[in-house]
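Descriptive analysis of the structure
Here is how the chains run, residue by residue.
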Amino acid sequence: MLPVVQVTVKEDTDLLLARQRTKQIATLAGLSNQDCIRLVTAMSEIVRNTLQYASGGTVALNVIETDTGRQSLEVIVKDHGPGIDNLREILSGNFKSRTGMGRGIIGSRKLVDSFSIESTPGEGTRVTLCKVLHTSKVVKATIDSWLEAITKESSLSAVEALQQQNSQLTETLSQLQNSQARLEEQFMLVQKLNSELIETNANIFSLNKDLDSKNAELTERNEQLGQALTELQLSKENLEQLTAQLQIVNAELTRSNDDLQQFANVCSHDLQEPLRVVTNYTQLLAERYGEQLDEKASKFMTVITSAAGRMHGLISDLLRYSRIQSKGNEFKSFDCTTAVNKALANLEIVITESNAHITCDPLPCVTGDEVQLMQVFQNLIANAIKFRTDQPPVVHISAHGTCQRF
Ligand SMILES: Nc1ncnc2c1ncn2[C@@H]1O[C@H](COP(=O)(O)OP(=O)(O)O)[C@@H](O)[C@H]1O
Ligand SMILES: [Mg+2]
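These numbers were taken from a predicted model, which means no experiment stands behind them.

**Some remarks on the site of ligand 1**
Near ligand 1 lie 19 residues; those nearest to it are Asn49, Tyr53, Ser97, Gly100 and Gly104. Mapped onto the shell around ligand 1, the elements with two or more residues apiece are α2 (33-54) and α4 (104-111). Residue contributions to the shell around ligand 1 peak at four residues, all from α2. Residues belonging to the shell around ligand 1 are distributed by class as follows: seven nonpolar, ten polar and two charged.

Written as structure tokens, this is what we have:
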């Protein structure tokens, strides 16, 4: 440790001297202007306490070596006053002062690089304030040169010292004003952020309302859907019942149709027999007794023969019809042209007699009952030839459609 200077403080003017010396040494030790002000302010607060609560003490300035290998300017303020019994409370920041602001000690602690306070009730108080030096190493000779400089400096009058303190305070005030301006800026920013937040909040609120109404809509739709679903299920059940009924009716109808076909089949077969008898015996009558019959009787015979012929035709048609309605043959793929050719062969005589002109395009292959389709062609061609004018009939057969349907 290198001692620099010591000032005894017993009254307020001593504080001025202590300030002056601290300022001078701090400046000579190379501390920045701001650091000088901080150190002087901290020292002043502690010395004021000494004057106020312990009737004075001493201020000693030293240059010391720190643990980090640097040097510090150390200010020790010491008194033999009553000491501080509630130091822990004061340092915790919870102390409420009856004599001042209660911020002197903890405020000073913030202004320096290292701070320590020792106080023994009844014995006195010792406060140490340090500022780290950033200049080249201070040795005894350096301190001698500082002291020489201080001595040369004309000692200031009390008024001048006050003026100096005043200018320092003004500088501190301007720094405070700067900080206040910055704080105001930040406050404005916070206000702006706040108003943005309020706006966002309002938006969220209205969004929430929208969501609520959408939710209500959705619930309503859901209910409607539920009703529709119930109705659909009912309809489905109805449909199933109807289908079941339809299947029963269909089965009955198929049965009755089968019966009817069987009846028509039997009928047509049974009717053929007596008709053959009528035809045969009418022929026999014509052959054996034809010459004995008069004109009127011959005419009756012709009428009977032609009626019998028509009846034969009707019964044959009925027989064919009942065969078409019956199950028929197993379905297979065949060429329609073959079915048409077979029908034309069956109708050969009628075609020749009527001088009919029948043409046929190339027809597709289909899957079905060839015999039944042949009968369809035969009936259609026969009808065309039968129901016509005096002109020779012209029949053309062709097929339209895709590979699925013709
Ligand atoms: N040197 C001292 N000797 C005795 N008591 C002291 C001394 N310094 C401070 N105190 C006590 O510590 C308290 C806190 O001091 P300080 O933080 O400076 O706030 P303030 O002086 O505004 O009360 C003082 O109120 C006083 O009771
Ligand atoms: Mg105080």
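**Comments concerning the nonpolar core**
Ranked by size, the top nonpolar core spans 31 residues in total, and within it Leu39, Met43, Val47, Val59, Leu73 and Leu129 carry the most contacts. With seven residues, the single largest contributor to this core is α2. Not counting residues within four places of it along the chain, the set of residues in contact with Val59 comprises Gln6, Val7, Val9, Ala18, Met43, Val47, Val75 and Val77. Listed in part, the six residues of the second largest apolar core include Cys336, Ala339, Phe377 and Ile381.

**Some thoughts on the domain arrangement of the protein**
For an interface, size is often stated in terms of accessible area lost upon the parts coming together. Once the domains are mapped, the protein shows domain 1 (2-155) and domain 2 (328-406). Computed over C-alpha atoms, the centres of domain 1 and domain 2 are 133 Å apart.

**Structural notes on unusual backbone geometry**
A negative phi angle is the norm for most residues apart from glycine, just as the trans form is the norm for most peptide bonds. Phi angles above zero are rare outside glycine, and Ser55 is one such case at about 50°. In this structure, Ser55 sits in the loop between α2 and β2 (57-65). C-beta crowding within 10 Å serves as the criterion here: with 14 such atoms nearby, Ser55 is assigned to the partly exposed category. Phi at Asn355 takes a positive value of approximately 60°, unusual for a residue other than glycine. Mapped onto the elements of the fold, Asn355 is located in the loop between α9 (348-354) and β7 (357-360).

**Observations regarding the sheet that holds strand β5 (residues 124-132)**
Pairing is antiparallel across the open sheet formed by five strands, whose spatial order is β1-β2-β3-β5-β4. The open sheet is flanked by β1 (2-9) and β4 (114-120), the only strands paired with a single partner. Recorded for the sheet is a direction-independent mean angle of 15° between the axes of neighbouring strands. In terms of strand pairing, β4 meets β5 through seven bridges, oriented antiparallel. Across the sheet, residue Ile117 finds its bridge partner in β5, namely Val127.

Here is what the cut-offs are and how they apply
Residues numbered from 1 in each chain as written. Chains lettered and ligands numbered in written order. Predicted model: local features only at pLDDT ≥ 70, side-chain atom pairs only at ≥ 80, totals over all residues. Near = placed C-beta within 6 Å. Helix = DSSP H or I, 4+ residues; strand = E, 2+ residues; numbered from the N terminus. Nonpolar A, V, L, I, M, F, W, Y, C, P; charged D, E, K, R; others polar. Core = buried A, V, L, I, M, F, W, Y, C linked by C-beta atoms within 7 Å. Buried ≥ 20, exposed ≤ 12 C-beta atoms within 10 Å, placed from the backbone. Contact = placed C-beta atoms within 7 Å. Domains from an automatic or database assignment. Pairing = 2+ DSSP bridges. Axes fitted to C-alpha atoms, helices over the stretch in contact; angles between N-to-C directions.

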